[in-house]
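Here are the chains, one letter per residue:
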Amino acid sequence: MPNNLALTADAVRLGRTAADKKDAIDQCGALLVELGAVEPGYVSAMHEREASVSTFLGEGVAIPHGTDASRALIKETALALVQFPDGVDWDGNTAYLAVGIAASGDEHIGVLSALATVLSDPDRAQRLRSASAASEVLALLGPGGDG
């Protein structure tokens with residue numbers, strides 16, 4: 001991942017539970033707000049995006065993010081990763097990780113590329129889903145990504 005998109009330990013929440021997809025998106029959005037990356041209204045835009053197209057990527061990962069119109073609510077590009085060990089129903093799929101994305105330009109393309117690289121390796125994807133420490137997540141998604 002490019003350095004300006006480095007995921008930080010304070011943006012990782014492990015071992016969480018969510019009642020449903022809406023709750024999972026709310027948790028990602030709240031974390032982006034807590035990090036100072038977005039205005040609170042961005043969370044509603046994340047739900048709008050999800051209503052129009054599922055953000056489930058595969059390999060147990062979803063990438064909730066806002067609509068194009070919500071970019072004005074983004075203060076800085078950031079990621080927020082929330083892990084749900086018990087899984088969350090995501091339109092008939094099971095998500096174990098939700099990676100909230102706030103990107104005002106095309107920076108999210110790099111984020112998606114890094115995620116796709118990890119998810120294309122079943123072993124690394126499993127390690128990401130089952131990580132027990134933020135440092136493991138950072139090692140897997142950081143530069144080199146070999147954790």
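Above this note sits the structure.
Now for a description of the structure that goes with this document. (Residues numbered from 1 in each chain as written. Predicted model: local features only at pLDDT ≥ 70, side-chain atom pairs only at ≥ 80, totals over all residues. Heavy atoms only, no water.)

**Considering the sheet that holds strand β1 (residues 12-13)**
Turning to step 1, where the next piece is worked out: One open sheet accounts for five strands, arranged β1-β4-β5-β3-β2; its pairing is mixed. Whereas interior strands pair on both sides, the edge strands pair on one side only; in this sheet they are β1 and β2 (56-58).
Turning to step 2, where the next piece is worked out: Where strand β3 (residues 61-62) lies against strand β5 (residues 93-102), two bridges are found, and the strand directions are parallel. Note on β5: the bridge partner recorded for Val-61 is Leu-97.
Turning to step 3, where the next piece is worked out: Its contacts with the sheet put helix α1 (residues 21-34) on β1, β4 (78-90) and β5, and the angle it makes with β4 is roughly 160 degrees. (Pairing = 2+ DSSP bridges. Helix = DSSP H or I, 4+ residues; strand = E, 2+ residues; numbered from the N terminus. Contact = heavy atoms within 4.5 Å. Axes fitted to C-alpha atoms, helices over the stretch in contact; angles between N-to-C directions.)

**Some points on the pairing of β4**
Turning to step 1, where the next piece is worked out: In terms of burial, β4 is largely enclosed, as ten of its 13 residues are buried.
Turning to step 2, where the next piece is worked out: In this sheet, β4 lies alongside β1 in parallel orientation, the contact comprising two bridges. Bridge pairing in β4 places Val-12 opposite Leu-81.
Turning to step 3, where the next piece is worked out: Pairing geometry for β4 and β5, over nine bridges, is antiparallel. Paired with Ala-78 across the strands is Ala-102, a residue of β5.
Turning to step 4, where the next piece is worked out: In this antiparallel pair of consecutive strands, β4 and β5, the connection spans two residues, and Asp-91 shows a positive phi of 55 degrees. (Buried < 20%, exposed > 50% of the residue type's maximum accessible area, 1.4 Å probe, protein only.)

**Overview of helix α5 (residues 134-141)**
Turning to step 1, where the next piece is worked out: Three or more residues of α5 are buried, namely Val-137, Leu-140 and Leu-141. All buried residues of α5 lie within an arc of 85 degrees about the axis, which places them on one face of the element. (Arc of directions from axis to C-beta.)

**A word on the packing of helix α4 (residues 122-129) against α5**
Turning to step 1, where the next piece is worked out: Direction vectors running N to C along α4 and α5 enclose 150 degrees, while the axes themselves pass 9 Å from each other. Considered as vectors, α4 and α5 are oriented roughly antiparallel to each other. Considering only the axes of α4 and α5, their crossing is left-handed. On the side of α4, the interface is formed by Arg-124, Arg-127 and Leu-128, while α5 contributes Val-137, Leu-140 and Leu-141.
Turning to step 2, where the next piece is worked out: Looking at side-chain class alone, the contact of α4 with α5 contains four nonpolar, no polar and two charged residues. (Parallel < 35°, antiparallel > 145°, perpendicular 65-115°, else oblique. Left-handed = near helix turned anticlockwise from the far one by under 90°. Nonpolar A, V, L, I, M, F, W, Y, C, P; charged D, E, K, R; others polar.)

**Comments concerning the pattern of salt bridges**
Turning to step 1, where the next piece is worked out: The final tally for this structure, using the stated rule, is eight salt bridges.
Turning to step 2, where the next piece is worked out: Between Asp-68 and Arg-71 there is a salt bridge whose closest N-O contact spans 3.7 Å.
Turning to step 3, where the next piece is worked out: By relative accessible area, which is 28% here, Arg-71 ends up partly exposed. (Salt bridge = Lys/Arg side-chain N within 4 Å of Asp/Glu carboxyl O.)

**Some words on the packing of α1 against helix α2 (residues 42-52)**
Turning to step 1, where the next piece is worked out: The N-to-C vectors of α1 and α2 enclose an angle of 145 degrees; their axes lie 9 Å apart at closest approach. Once α1 is placed against α2, the crossing between them reads as right-handed. In contact with Lys-21, Lys-22, Ile-25, Asp-26, Cys-28, Gly-29, Ala-30, Leu-32 and Val-33 of α1, α2 contributes Tyr-42, Val-43, Met-46, His-47 and Glu-50.
Turning to step 2, where the next piece is worked out: When its residues are assigned to classes, the contact of α1 with α2 shows eight nonpolar, two polar and four charged.

**Examining α4**
Turning to step 1, where the next piece is worked out: For α4, the complete set of buried residues consists of Arg-124, Ala-125, Leu-128 and Arg-129. Here the buried residues of α4 occupy an arc of 140 degrees about the axis, which is enough to place them on one side.
Turning to step 2, where the next piece is worked out: Residue Asp-121 occupies the N-cap position of α4, its side-chain oxygen lying 3.0 Å from the main-chain nitrogen of Asp-123. (Polar contact = N/O pair within 3.5 Å; in protein donor to acceptor, adjacent residues only side chain to side chain.)

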